[in-house]
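Take a look at the letters that make up each chain.
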Amino acid sequence: MEETPKKQKNLLLISLLIFIAEYIGLIGWYWLFDGRAGDATLTISRYVGLNWWSSLIFCAGNMAIIVMVVYYLLTRAKERGALWRMLMYVFVIAFMALSISPHVPDESMPAVIHKFFAGVMFVDIALISLLSIAKAQRKSTLIFAVFFTIYSVYFCISDVLRVPYFMDLILWFESAYLYAFFALLILTERDNML
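Residues numbered from 1 in each chain as written. Predicted model: local features only at pLDDT ≥ 70, side-chain atom pairs only at ≥ 80, totals over all residues. Heavy atoms only, no water.

1. Observations regarding the side chain of Ser101
Point 1. For Ser101, the location among the structural elements is in the loop between helix H4 (82–100) and helix H5 (109–135).
Point 2. The exposure class assigned to Ser101 is buried, which follows from its relative accessible area of 10%.
Point 3. Setting aside chain neighbours within four positions, we find Ser101 in contact with Pro110, Ile113 and His114. (Helix = DSSP H or I, 4+ residues; strand = E, 2+ residues; numbered from the N terminus. Buried < 20%, exposed > 50% of the residue type's maximum accessible area, 1.4 Å probe, protein only. Contact = heavy atoms within 4.5 Å.)

Here is the structure:
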């Protein structure tokens, strides 16, 4: 019985590590071999959508993450509440949709679908962070959730308004947003094991 919570926490950590590997591998390739070194004006998805092969790698890695997150939800969902489960399933659907519809350079249908579901995912993450404040059981989780919620609001507003300095550094702002979300999931899972 003790094995299950630890296994679930490991699934979240493995998901984060897969995402980090995708990020470093794909963006690192474009920085080193495509003349884009240091370019922070492109989102993770825009980098991925530059070529078909990077879109396929990103999609495959994200599908592995989705399988782990869904397994986690199916085995630990009762302890988190109906609203949290619903928001996490919205995250899964949006993450899957944007993964199979790459953000290609033109404004074709895949790019439009990708942008829509990326927006849904970003707002959904903000709502999950807000709900995490109410559900936090440890002070460290509460503090992280509060700061992440503030950052979530800032991120979403800046992204919608296309704030110039924000868009010039969007790669870093988006990376921090997504990594912090994974960290929040891991912290809240730790709370559930109390």
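After that view, the rundown keeps rolling.
2. Points about the nonpolar core
Point 1. Formed by 51 residues in total, the largest nonpolar core has its most connected members in Ile44, Met88, Phe91 and Met121.
Point 2. Breaking this core down by element, the ones donating at least two residues are helix H1 (3–33), helix H2 (44–48), helix H3 (52–76), H4, H5, helix H6 (139–161), helix H7 (164–168) and helix H8 (170–192).
Point 3. When residues of this core are assigned to their parent elements, the largest contribution, eleven residues, is made by H8.
Point 4. Excluding residues within four positions of it along the chain, Ile44 makes contact with Phe19, Tyr23, Ile27, Phe58, Leu171, Glu174, Ser175 and Leu178. (Core = buried A, V, L, I, M, F, W, Y, C linked by side-chain atoms within 4.5 Å.)

3. Section: the side chain of Ser132
Point 1. Relative to the helices and strands, Ser132 is located in helix H5.
Point 2. Residue Ser132 is classed as buried on the basis of its relative accessible area, which comes to 3%.

4. Here we look at unusual backbone geometry
Point 1. A positive phi angle, near 55 degrees, is found at Arg162, a position not held by glycine.
Point 2. Tracing the chain through its elements places Arg162 in the loop between H6 and H7.
Point 3. Judged by its relative accessible area of 49%, Arg162 falls in the partly exposed class.

5. Considering the packing of aromatic side chains
Point 1. Summed over all chains, the structure comprises 27 aromatic pairs.
Point 2. Ring plane angle 70 degrees and centroid distance 6.4 Å describe the contact between Tyr165 and Phe173, whose orientation is recorded as edge-to-face.
Point 3. The exposure class assigned to Tyr165 is partly exposed, which follows from its relative accessible area of 45%.
Point 4. For the ring pair Phe181 and Phe182, a centre distance of 6.4 Å and an interplane angle of 55 degrees mean the geometry is tilted.
Point 5. Given the relative accessible area of 5%, Phe182 is considered buried.
Point 6. Feature note: the residues Phe122, Phe144, Phe148, Tyr151, Tyr154, Phe155, Tyr165, Phe166, Phe173 and Tyr177 constitute an aromatic cluster, connected by ring pairs. (Phe/Tyr/Trp six-rings, centres within 6.5 Å; stacked < 30°, edge-to-face > 60°.)

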